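If you want the building blocks of each chain, they are given just below.
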Amino acid sequence: MTPLSSSALRANWHAAWRALGIAQPATPERDALCDELQRRYAEPQRHYHTLQHLGECLAWFEREQAAAQRPGEVALALWFHDAIYDVHAHDNEARSAAWALEALRSFEAGEDAAQRVHDLVMATRHDAVPEGRDAELLIDIDLSILGAERARFDEYEEQVGREYAFVPLEIRLPRRREILQRFLDRDAIYATPRMHALLEVRARENLHRSIAG
């Protein structure tokens, strides 16, 4: 999936706030937050969880947003889902979700919407089966890389390896295989019908090949 361009990212950001019913989706404060999020995704410790990943996720969202119940909330959850990324930490999703909650509250998106976006970001921990159409779509988009074309999947694997290069190889590779095996062991990797049809077979091929090493 070709990532969204810089101008398309900005348009997606404004559209997400508009979908929440915000009268003025473009304000200096919200534009500054958009800029700050993009700076976070460009941090030097990132190799996969970057603007490339964000742009690919939002490109999938643009394609599949008709499957969302509340598309603005899904889009904003994607913007925030890797906003905090410290490879040495275990609470990145919680901190990213807290930031999303604070941001939506500060821009008066409504407490219910703010909490739902928080919960969507937390779903990207991938520690439970997603519940609800929006969570299913969000997780399918976040996992779309598993079903990418072979060259992009191999690039992804190399990028993840660079992020965790500080972990000794004899520890990192078994852990990585264990993580990938958990996805392979699911009855279905993708929950939404269209993304399942598009990506399920290739994702399983990629995972088998990566685990076989």
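The rules behind these values
- Residues numbered from 1 in each chain as written.
- Predicted model: local features only at pLDDT ≥ 70, side-chain atom pairs only at ≥ 80, totals over all residues.
- Heavy atoms only, no water.
- Helix = DSSP H or I, 4+ residues; strand = E, 2+ residues; numbered from the N terminus.
- Rg over C-alpha atoms; globule rule 2.2 N^0.38 Å.
- Buried < 20%, exposed > 50% of the residue type's maximum accessible area, 1.4 Å probe, protein only.
- Contact = heavy atoms within 4.5 Å.
- Areas by Shrake-Rupley, 256 points an atom, 1.4 Å probe, with all protein chains shown as cover.
- Expected span 1.5 Å × (residues − 1).
- Arc of directions from axis to C-beta.

Visitor: Sorry, what's going on with the overall build of the chain here?
Guide: A count of helical and extended segments in the chain gives ten helices and zero strands. In the chain, the succession of α and β elements from N to C terminus is α-α-α-α-α-α-α-α-α-α. Computed over the C-alpha atoms, the radius of gyration of the chain is 17 Å, within 12% of the 17 Å expected from 2.2 N^0.38 for a compact globule of 213 residues. Buried residues in the chain amount to 49% of all 213 residues. The long-range share in the chain, meaning contacts at least 24 apart out of those at least 6 apart in sequence, stands at 67%. For the chain, the exposed area adds up to about 10,400 Å²; of that, 52% sits on carbon and sulfur atoms.

Visitor: Can you help me understand helix α9 (residues 169–184) in this one?
Guide: In an α-helix, one turn spans 3.6 residues; hence positions three or four apart end up facing the same way. Look at α9: 22 Å from first C-alpha to last across 16 residues, which is about the 22 Å you get at 1.5 Å a residue. The set of residues buried in α9 consists of Arg176, Leu180, Phe183 and Leu184. Summarising the axial view, the buried residues of α9 lie within an arc of 100°, below the 170-degree limit, and thus occupy one face. Exposed residues on α9 whose side chains face more than 90 degrees from its buried face are Glu170 and Arg175. Residues of α9 that are buried make contact with α8 (150–163) and α10 (193–212).

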